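Topology and contacts: notes
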Amino acid sequence: MQTVAVIDYGMGNLHSVAKALEHVGAGRVLITSDAQVIREADRVVFPGVGAIRDCMAEIRRLGFDELVREVSVDRPFLGICVGMQALMERSEENGGVDCIGLFPGQVRFFGKDLEEDGERLKVPHMGWNEMEQAIAHPLWHNIPADGRFYFVHSYYIEAGNPRQVVGRGHYGKDFAAALADGSRFAVQFHPEKSHTHGLQLLQNFAAWDGRW
């Protein structure tokens, strides 16, 4: 049976992610902060919620920035929400925070005066939102091209490489909702909270060989 390591650095919605992975039959799902267990896993999930400064402080304290660079190269790797933002070069949250830098690009604040067609939009962006599949990818298997997913975020991804943007969202402005590069895949939305489409994505991840 394959193992899926859910990285625990104290800043993620770990149990709901693990339960969703178990629900789709992803294999033996381990919530762990043990670097060796993570290295030995067949697949790795990197969730995250909260302030990026606190997240990055814990990631660096535990040496998980280097570990993530290592394990995301040769096996399927999935970043979720702040776990996705931590993979970027830098976030402007908290006055500016350097991130892991696996994907080129920045994490930007939606702004206090976000509007759409003259209507003020609430920040954080919270709730169901359509996501456009920008590029075909194995993780989109059996998911509609304009499926809806559940988002909770005040900051959005401004991708540095358009060819890595496999999913796009719009909330007052366009943003990268999903990025992919080799065996790395990352999403701004919460698949574990996105019902049918989210569970399908996790099932696709469990079956994916990491090639794209």
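Residues numbered from 1 in each chain as written. Predicted model: local features only at pLDDT ≥ 70, side-chain atom pairs only at ≥ 80, totals over all residues. Heavy atoms only, no water.

**Comments concerning the sheet that holds strand E1 (residues 3–7)**
Ordered by their spatial adjacency, nine strands build an open sheet running E2-E1-E3-E4-E15-E14-E13-E10-E11, and the pairing between neighbours is mixed. Of all the strands in the sheet, the pair left with one neighbour each is strand E2 (28–32) and strand E11 (148–153). On average, each strand axis in the sheet is inclined to that of its neighbour by 25°, with strand direction left out of account. With three bridges joining them, E1 and strand E3 (residues 43–46) adopt parallel strand pairing. By the bridge assignment, Val6 is partnered in E3 with Val45. Across the face of the sheet, helix H1 (residues 14–23) comes into contact with E1, E2, E3 and strand E4 (77–80) while running at roughly 170° to E2. Across the sheet, helix H6 (residues 195–207) lies against E3, E4, strand E10 (125–133), E11 and strand E15 (184–187), angled at about 140° from E3, the strand it touches most. (Pairing = 2+ DSSP bridges. Helix = DSSP H or I, 4+ residues; strand = E, 2+ residues; numbered from the N terminus. Axes fitted to C-alpha atoms, helices over the stretch in contact; angles between N-to-C directions. Contact = heavy atoms within 4.5 Å.)

**Quick look at the UniProt feature "active site" (unreviewed entry) in the protein**
Under the present numbering, the feature "active site" (unreviewed entry) in UniProt falls on Cys81, His190 and Glu192. Across 112 residues of sequence, these annotated residues stay compact in space, with a maximum C-alpha separation of 11.0 Å. Of the residues annotated just before, the largest pocket has Cys81 and His190 among its lining. For Cys81, the position within the fold is in the loop between E4 and helix H5 (82–85). Residue contacts for Cys81: discarding those within four places in its chain leaves Gly48, Val152, Val187, Gln188, Phe189 and His190. In this structure, His190 sits in the loop between E15 and H6. Under the relative-accessibility criterion, His190 is labelled buried at 3%. For His190, the residues in contact, after removing those within four places along its chain, are Val49, Ile80, Cys81, Tyr150 and Val152. (UniProt positions renumbered as here; feature names shortened; annotations may be inferred. 1 Å grid on protein atoms, 1.4 Å probe; cavity = no way out; pocket = protein on both sides within 12 Å on 5 of 7 lines; lining within 4 Å. Buried < 20%, exposed > 50% of the residue type's maximum accessible area, 1.4 Å probe, protein only.)

**Brief notes about the pairing of E1**
A regular strand places its side chains on the two faces of the sheet in alternate fashion. Along E1, five of the five residues are buried, which leaves the element largely enclosed by surrounding structure. Here E1 shows a buried face lined by Thr3, Ala5 and Ile7 and a second buried face lined by Val4 and Val6. Here five bridges tie E1 to E2, and the two strands are oriented parallel to one another. When the sheet's bridge partners are listed, Val4 is paired in E2 with Val29. Of the crossover connections in this fold, the one passing from E1 over H1 to the parallel E2 is right-handed. (Right-handed = clockwise from strand over helix to strand, strands pointing away.)

**Structural notes on H6**
Spanning 13 residues, H6 covers 18 Å between terminal C-alpha atoms, matching the ideal 18 Å at 1.5 Å per step. Buried within H6 we find Gly198, Gln200, Leu201, Leu202, Asn204, Phe205 and Ala206. On its buried side, H6 packs onto H1, E3, E4, E11 and E15. (Expected span 1.5 Å × (residues − 1).)

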